[in-house]
Amino acid sequence: MSRNLDAIIFGASSYTGQFVIEEALEILKDFRWGIAGRNEKKLKRMLSDIEAKVKKDLSYIPIIIADVNDTNSLEIMAKQCRIVLNCCGPYNILGEPVVKACIDAGTHHVDITGEPQFIGNMLLKYNDLAKEKGVYIVYACGLESVPADLIYSFKYACEILKLERQLNKEKLPPTKPKLWLKPFPHQIETSHSYYCYFPATDKFVIERSQRYFYASQKKRPIQFQSYIGFRSFWLALLWPFYVLLLLILSQFTWSRKALLRSPHLFSFGLVSAERPLESVQNTIEFAMTLKAKGWYREVPHFIEPKKELVVRVTGKNPIYGVTSNAMLICAKTILNENSKMPENGGVLSPASAFAKTQIIEEIKRTKYGLKFDVIKT
């Protein structure tokens, strides 16, 4: 079967998938791409809705029927394109059949997972096979799934620790001085907010990238901690107790059901089971402050770091806008800059996959592009 398409958006009728399709009209305009899912009527209705919104004829976009419960349909889909953009989650339940089908077909794969368990399993099971096939499986190409990380069970956390022991076989060099976690509310000189520890997937993904860079290039690994900022000191002080409460509630069947049934109640209205209005999403702004300390290369690392860099990254519509744009740019980068990517394939984080490409400049230019401001050097 010939690869008549460059890309296929799988899980296209999902809420996230609809955003990806709408943004693909611009980002993938120079490529041949299609959409895939298990329900043809739903896919056609969704395309019709987007047609009315953007006032363009989208009848040229091919529709492929594929279902995660039908291995044959996934293989047929994967063989028709060069890369699959997988929007079908939760990935820990639905992701592996799509990854396997892509590797078997010699097709690249990107997803927007925020699930460390899925990432770890794909690394253990498919990294070597992906290299043999010359296939790039790039995970976490969008904003992470924060609710999924906050409401995880003790069993889930134990499984992640077990995966990390299996993955982290290579010994890393000692990193001194030690970057200790700051458990109490604190401020930094470039911000008026109060910061507390944030249990984000970022740390897992970044540590995988650092291990990759050390194993392949002997680069000194960075140390990383993530924090969430609050305008109020008292809110920052309450945050750890709130996270602990969610963790305790996630241990019992009845309380997990309550969390899933009434997320608005347990999140004080910040999270809802209802689909958010696009007009509301576009009013949401976010900022990430990245503070780094280090040395010039010629300075011995046992000396206290003297150089400091603070960068602020800002944008709008972080959950769906930034995620859909980032996923599409990752796919476009694989299609356009394959020769600049490492080795011959594998299961990789975005940092390890795209370090030598122009992906940052590409992301800046998109509709939901990110803005990078150097605050301090």
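Residues numbered from 1 in each chain as written. Predicted model: local features only at pLDDT ≥ 70, side-chain atom pairs only at ≥ 80, totals over all residues. Heavy atoms only, no water.

Examining helix α5 (residues 116-133)
Line of reasoning, step 1. With 18 residues, α5 should reach 26 Å at 1.5 Å per residue; the first-to-last C-alpha distance of 24 Å fits that figure.
Line of reasoning, step 2. Maximal helix bending in α5 amounts to about 55°, located at Tyr126.
Line of reasoning, step 3. For α5, the full list of buried residues reads Pro116, Gln117, Phe118, Ile119, Gly120, Met122, Leu123, Tyr126, Asn127 and Ala130.
Line of reasoning, step 4. Looking at the residues trailing α5, positive phi occurs at Gly134, about 70°. (Helix = DSSP H or I, 4+ residues; strand = E, 2+ residues; numbered from the N terminus. Expected span 1.5 Å × (residues − 1). Bend = angle between axes of the 7 residues up to and from the residue. Buried < 20%, exposed > 50% of the residue type's maximum accessible area, 1.4 Å probe, protein only.)

Structural notes on the UniProt feature "transmembrane region" (unreviewed entry) in the protein
Line of reasoning, step 1. Using the residue numbers shown here, the UniProt feature "transmembrane region" (unreviewed entry) corresponds to residues 233-254.
Line of reasoning, step 2. Taken end to end, residues 233-254 comprises 86% helix and 0% strand; its first and last C-alpha atoms sit 33 Å apart. (UniProt positions renumbered as here; feature names shortened; annotations may be inferred.)

A few points about the side chain of Ser191
Line of reasoning, step 1. Here Ser191 shows up in the loop between α7 (154-167) and β7 (194-197).
Line of reasoning, step 2. Owing to a relative accessible area of 13%, Ser191 belongs among the buried residues under this scheme.
Line of reasoning, step 3. Separated by 3.1 Å, the side chain of Ser191 and the backbone nitrogen of Ser193 make a polar contact. (Polar contact = N/O pair within 3.5 Å; in protein donor to acceptor, adjacent residues only side chain to side chain.)

Looking at the packing of helix α1 (residues 15-27) against helix α13 (residues 318-336)
Line of reasoning, step 1. Following both chains from N to C, one finds α1 and α13 inclined at 55°, their axes separated by 9 Å at the closest point. With respect to each other, α1 and α13 are oriented oblique. Here α1 runs over α13; the crossing is right-handed. Where α1 abuts α13, its residues Tyr15, Thr16, Phe19, Val20, Glu23, Ala24 and Ile27 lie against Tyr320, Ser324, Asn325, Met327, Leu328, Ile329 and Lys332.
Line of reasoning, step 2. A breakdown of the residues in the contact of α1 with α13 according to their chemical character gives nine nonpolar, three polar and two charged. (Axes fitted to C-alpha atoms, helices over the stretch in contact; angles between N-to-C directions. Parallel < 35°, antiparallel > 145°, perpendicular 65-115°, else oblique. Left-handed = near helix turned anticlockwise from the far one by under 90°. Contact = heavy atoms within 4.5 Å. Nonpolar A, V, L, I, M, F, W, Y, C, P; charged D, E, K, R; others polar.)

Overview of the domain arrangement of the protein
Line of reasoning, step 1. Assigned domains of the protein: these are domain 1 (5-142 + 318-366) and domain 2 (146-274).
Line of reasoning, step 2. Put simply, the middle of domain 1 and the middle of domain 2, counted by C-alpha atoms, are 26 Å apart.
Line of reasoning, step 3. In this assembly, 19 residues from domain 1 lie in contact with 14 residues from domain 2.
Line of reasoning, step 4. Here domain 1 and domain 2 share an interface that buries about 1400 Å² over both sides, 72% of which is from carbon and sulfur atoms.
Line of reasoning, step 5. If you sort the residues of domain 1 by the area they bury against domain 2, Pro116, Gln117 and Leu124 come out on top, with a joint share of 39%.
Line of reasoning, step 6. In this assembly, domain 1 and domain 2 are joined by zero salt bridges.
Line of reasoning, step 7. At the boundary of domain 1 and domain 2, one finds two residue pairs in polar contact (both at pLDDT 80 or more).
Line of reasoning, step 8. Elements with a minimum of two residues in the side of domain 1 that touches domain 2: α5 and α14 (350-354).
Line of reasoning, step 9. Ranked by residues supplied to the side of domain 1 that touches domain 2, first place goes to α5 with seven residues.
Line of reasoning, step 10. When its residues are assigned to classes, the side of domain 1 that touches domain 2 shows 11 nonpolar, six polar and two charged. (Domains from an automatic or database assignment. Buried area = accessible area lost by both parts, 1.4 Å probe. Salt bridge = Lys/Arg side-chain N within 4 Å of Asp/Glu carboxyl O.)

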